[in-house]
Amino acid sequence: MILLELNPRLVESKDWATIVFVLALALVVIAKTSFENRFNDFVRLLISDKYLKIYRDSSHLMSGFTILLFIVNLISLTFFLQLVLDHFDYGSKLDWTLFVRIFTLLMVFILSKFLLEKIIATIFGIEELIESFNLQKVNFRTYIGLLLLPVSIILYYSSYSTNSLILTIIAIVLIINVLGYFISLRIYQNLLISKLFYFILYLCTLEIAPYYFIYYLIKKN
């Protein structure tokens, strides 16, 4: 007599990811329809400085347009990080709990860093400079998030991903990020000169140290 042992087959669903992707695309559509001219200028950020010149005032940092694309940036960056973890066998792209953990970690890190930056800027007396500088960083990082969204969708629903492709995407993201820093420094160079010492302290404290600490933790573990 042959005994058969039946084990339940667990199938991880992609439905949750589809819902989140649709939500992100819906936010992009809302941003485009509600702020059409601004959105059109924003998508040409890498080839034209029109957007940076028009929306350089720090009051735009908390505008509806910036908040909408900030959420899109969080979603697309979270998915991309999860895809990278999946590619190198440190996690699964189908694990919705992993998505929630990464999303929460990113949101807490970014918001905590933003709050700390405001405190440090107030102490150093460079609020205007840091708020304007932060606006430019947010512009380029939300732009990266907008670019990563379709890339993440394609990678998520396809099985084609190689080390070269993943590393190339990461390199492009880093290049755009560094480019954003240089452009921001050029735009505010006159203001930077008068506050150079405090700005260097700010860079070392909040722009270099946190990422070095994260790198150290990742390398250690």
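One can find the structure itself at the top, above this paragraph.
Given the structure is predicted, the values throughout are model-derived calculations rather than measurements.

S.K.: So what's going on with the packing of helix H5 (residues 96–124) against helix H6 (residues 127–157)? Residues and values would help.
M.R.: Helix-helix packing is characterised by the crossing angle of the two axes and by the distance between the axes. Interaxial distance between H5 and H6 falls to 8 Å at its minimum, and their mutual angle equals 155°. Classified by the angle their axes make, H5 and H6 are roughly antiparallel. Relative to H6, the crossing made by H5 is right-handed. Judged by residue contacts, Lys113, Phe114, Glu117, Lys118, Ala121 and Thr122 of H5 engage Glu127, Ile130, Glu131, Asn134 and Lys137 from H6. A breakdown of the residues in the contact of H5 with H6 according to their chemical character gives three nonpolar, two polar and six charged.

S.K.: Kindly report on empty space enclosed by the protein, identifying the contributing residues and their values.
M.R.: Applying the stated criterion across every chain, the model contains one cavity of 30 Å³ or more. Put simply, the largest cavity is a space of about 40 Å³. Together, Gln136, Lys137, Phe140, Arg141, Asn177, Gly180, Tyr181 and Ser184 line the largest cavity. Of all the secondary-structure elements, those providing two or more residues to the lining of the largest cavity are H6 and helix H7 (163–187). Split by residue class, the lining of the largest cavity holds two nonpolar, four polar and two charged.

Rules used in this analysis
Residues numbered from 1 in each chain as written. Predicted model: local features only at pLDDT ≥ 70, side-chain atom pairs only at ≥ 80, totals over all residues. Heavy atoms only, no water. Axes fitted to C-alpha atoms, helices over the stretch in contact; angles between N-to-C directions. Helix = DSSP H or I, 4+ residues; strand = E, 2+ residues; numbered from the N terminus. Parallel < 35°, antiparallel > 145°, perpendicular 65-115°, else oblique. Left-handed = near helix turned anticlockwise from the far one by under 90°. Contact = heavy atoms within 4.5 Å. Nonpolar A, V, L, I, M, F, W, Y, C, P; charged D, E, K, R; others polar. 1 Å grid on protein atoms, 1.4 Å probe; cavity = no way out; pocket = protein on both sides within 12 Å on 5 of 7 lines; lining within 4 Å. Points joined across faces, edges and corners; volume = space filled by probe spheres on them.

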